[in-house]
Amino acid sequence: MGRVTDAPIADEPASFEVTDSTVVYEGAVWDVRRDSIAYHDDTMVREYIDHTGAVAVYAEDDEGRVLVIQQYRHPVRMRDWELPAGLLDMAGEDHLTAAQRELAEEADLEADHWEPLVTYNTSSGGSDEFLEVFRARGVRPTATAFEREAEEADIVKRWVPRDELVAAILDGRLHNSGLVVAVLAVDALERRAR
């Protein structure tokens, strides 16, 4: 049985000796790694996506509408609705700076007010990716538009009321994890503030 504690609930850092770590597939965007871990009196082997991490932006306008973008996502074979987001693939780049860059690159927008919203791991059993979502307000167009390519070339942008997004999530019509987590987090924050 697990440990019992009276402390507030929180994930707990834990580390076990990694006796072997090998990149079994080197990908164009991220790698697949196989680790052997000395776990108690046994050795376990786990494969996972070795990810750079990412940021996303929950941008809202003065009417409280949320910017969502739609683009093709090959692994799920969908043009899903999601938040502007991108990889933390520039060495040493500040996470807020990365979020500001992604909002400009994917939506041709900038914002006056930024705050951290939520950070979560996207699939703790299959990836070491953490996604940090920032909330952006005081949004306005950038001076110039960004040149997009590949799946970003046909991005569709839409401003949607938060209540409509909550309903679509709960109805099972929206599935992108960053969008789901951020929308429900802001909805919970706004309900608490009332």
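Residues numbered from 1 in each chain as written. Predicted model: local features only at pLDDT ≥ 70, side-chain atom pairs only at ≥ 80, totals over all residues. Heavy atoms only, no water.

### Digging into the pattern of salt bridges
For clarity, the threshold we go by: A pairing counts as a salt bridge when a side-chain nitrogen of Lys or Arg comes within 4 Å of a carboxyl oxygen of Asp or Glu. Helix and strand labels come from DSSP, where a helix needs a run of H or I of at least four residues and a strand needs a run of E of at least two; each type is numbered from the N terminus. Partly exposed residues are those whose accessible area sits between 20% and 50% of the maximum for their type, while under 20% is buried and over 50% is exposed, using a 1.4 Å probe and protein chains only.
Enumeration over the complete set of coordinates arrives at 20 salt bridges. The partner of Glu102 in a salt bridge is Arg101, and the shortest N-O contact between them spans 2.8 Å. Two residues, Asp187 and Arg191, come together in a salt bridge whose shortest N-O distance is 2.8 Å. With Asp187 and Arg191 both in helix 3 (residues 177-193) and four residues apart, the pair spans about one turn of that helix. Residue classification places Asp187 among the buried residues on the basis of a relative accessible area of 6%. A network of salt bridges, in which partner residues are shared, links Glu60, Glu115, Arg135, Arg137 and Glu190.

### A closer look at the pairing of strand 4 (residues 54-59)
For the record, the criterion: Any two strands with at least two DSSP-identified bridges between them are counted as paired.
Among the six residues that make up strand 4, six are buried, leaving the element largely enclosed by the rest of the structure. Here strand 4 shows no split at all, with Ala54, Ala56 and Tyr58 on one side and Val55, Val57 and Ala59 on the other all buried. With three bridges connecting them, strand 4 and strand 7 (residues 85-87) associate as antiparallel partners. Across the sheet, the residue bridging to Ala56 is Ala85, located in strand 7.

### Examining unusual backbone geometry
With a phi close to 55°, His40 is a non-glycine residue in the positive phi region. Tracing the chain through its elements places His40 in the loop between strand 2 (31-39) and strand 3 (42-50). On the basis of relative accessibility, which here comes to 60%, the residue His40 falls in the exposed class.

### A word on the environment of Pro161
Relative to the assigned elements, Pro161 resides in strand 10 (residues 156-161). A C-alpha to C-alpha distance of 9.1 Å links Pro161 and Glu60, two positions 101 residues apart in sequence.

### What to know about the layout of surface pockets
Where we set the bar: Any residue with an atom within 4 Å of a point lines the site, the site being either a cavity, points on a 1 Å grid over the protein atoms alone where a 1.4 Å probe fits but cannot get out, or a pocket, an open set with protein on both sides within 12 Å along at least 5 of 7 lines. Grid points are joined across faces, edges and corners, and a volume is the space filled by probe spheres set on the points.
Empty space within the second largest pocket amounts to approximately 520 Å³. As for the second largest pocket, its lining consists of 19 residues, of which Arg46, Tyr48, Ser124, Gly125 and Ser127 are closest to the centre. Mapped by element, the contributors of at least two residues to the lining of the second largest pocket are strand 2 and strand 3. By residue number, the principal contributor to the lining of the second largest pocket is strand 3, which donates four residues.

### Points about the packing of aromatic side chains
To describe a pair of aromatic rings, you give the distance between the ring centres and the angle between the ring planes. What counts is decided by this rule: For Phe, Tyr and Trp, where Trp contributes only its six-membered ring, two rings pair if their centres lie within 6.5 Å, and the inter-plane angle classes them as stacked under 30 degrees, edge-to-face over 60, or tilted in between.
In total, this model carries one aromatic pair according to the counting rule given. Seen in terms of ring centroids, Phe16 and Tyr39 are 4.6 Å apart; in terms of plane orientation they differ by 55°. Their pairing is tilted. Here Tyr39 lies in strand 2 and Phe16 lies in the segment before strand 1 (18-25), a separation of 23 residues in the sequence.

Shape descriptors only; they carry no functional weight alone.
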